[in-house]
Amino acid sequence: MADCLFCRIVAGDIPSQQVSETARVLAFRDINPQAPTHVLVIPKDHYPDLAALATDPGLLAEVASVADQIAQAEGLAGHGYRVVFNTGLEAGQTVFHAHAHVLGGRPMAWPPG
């Protein structure tokens, strides 16, 4: 989708600080980090939200696996980390391309804001 920010990142039209890449998944650092580690993990194909991504269980599992691999590589696994999908405006989704936030490196409050 030409007007989708994350599709443009996947296409290479917008630079990103890539952390990991597979044939179907891309991970890059968030430009407005909310924690010392804040990485976005996205499917390369466009899915508007988690509900749409869930129609491809294999790809959803790959996104989750890459999120875990990033947490391991960033040294978060022994300390805890959070993986968040915001789905819909009221949940705080601002880019309508499914993406997981991998957050860690600081204590996380509950319930989230």
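Now for a look at the structure at hand. Quick caveat: nothing in here was measured; it's all calculated off a predicted structure.

Another aspect to go through is the pattern of salt bridges. Tallied over the entire structure, the rule returns four salt bridges. Across the pair E21 and K44 runs a salt bridge, and its minimum N-O distance is 2.6 Å. With E21 in strand β1 (residues 18–21) and K44 in the loop between β3 (37–43) and α2 (50–53), the pair connects residues that are 23 residues apart, well separated along the chain. Its relative accessible area of 47% is what places E21 among the partly exposed residues. E74 is paired through a salt bridge with R29; the nearest N and O atoms lie 2.7 Å apart. Of this pair, E74 sits in the loop between α3 (57–73) and β4 (81–84) while R29 sits in strand β2 (residues 25–29), and the two are 45 residues apart along the sequence. On the basis of relative accessibility, which here comes to 28%, the residue E74 falls in the partly exposed class. With relative accessibility at 27%, the residue R29 sits in the partly exposed group. One salt-bridge network, held together by shared partners, links R24, D56 and E62.

This part takes up the side chain of H99. One can find H99 in the loop between β4 and β5 (100–104). On the basis of relative accessibility, which here comes to 6%, the residue H99 falls in the buried class. A distance of 2.6 Å separates a polar side-chain atom of H99 from the backbone oxygen of H97. Within the structure, H99 has its side chain in polar contact with the side chain of H101 (distance 3.4 Å). In contact with H99, not counting residues within four places along its chain, are F6, L40, V41, I42, V84, F85 and Q93.

Another point: α3. Taking 1.5 Å per residue, 17 residues should reach 24 Å; α3 reaches 24 Å between its end C-alpha atoms and fits that length. Within α3, burial applies to L59, V63, V66, A67, I70 and A71. Buried residues in α3, looked at end-on, bunch into an arc of 140°, giving them a common side. Positive backbone phi, at 75°, marks G75, one or two positions downstream of α3.

Following W110, the chain continues into P111 via a peptide bond in cis, with omega recorded as 0°. Looking at the element boundaries, P111 is found in the segment after β5.

Attention now goes to the packing of aromatic side chains. For the structure shown, the criterion picks out one aromatic pair. Judged by centre distance (5.5 Å) and plane angle (75°), the ring pair of F6 and F28 falls under edge-to-face. In this pair, F6 is assigned in helix α1 (residues 5–11) and F28 in strand β2, connecting sequence segments 22 residues apart. On the basis of relative accessible area, F6 is assigned to the buried category, the value being 4%. The class of F28 is buried, set by a relative accessible area of 3%.

The rules we used
- Residues numbered from 1 in each chain as written.
- Predicted model: local features only at pLDDT ≥ 70, side-chain atom pairs only at ≥ 80, totals over all residues.
- Heavy atoms only, no water.
- Salt bridge = Lys/Arg side-chain N within 4 Å of Asp/Glu carboxyl O.
- Helix = DSSP H or I, 4+ residues; strand = E, 2+ residues; numbered from the N terminus.
- Buried < 20%, exposed > 50% of the residue type's maximum accessible area, 1.4 Å probe, protein only.
- Polar contact = N/O pair within 3.5 Å; in protein donor to acceptor, adjacent residues only side chain to side chain.
- Contact = heavy atoms within 4.5 Å.
- Expected span 1.5 Å × (residues − 1).
- Arc of directions from axis to C-beta.
- Phe/Tyr/Trp six-rings, centres within 6.5 Å; stacked < 30°, edge-to-face > 60°.

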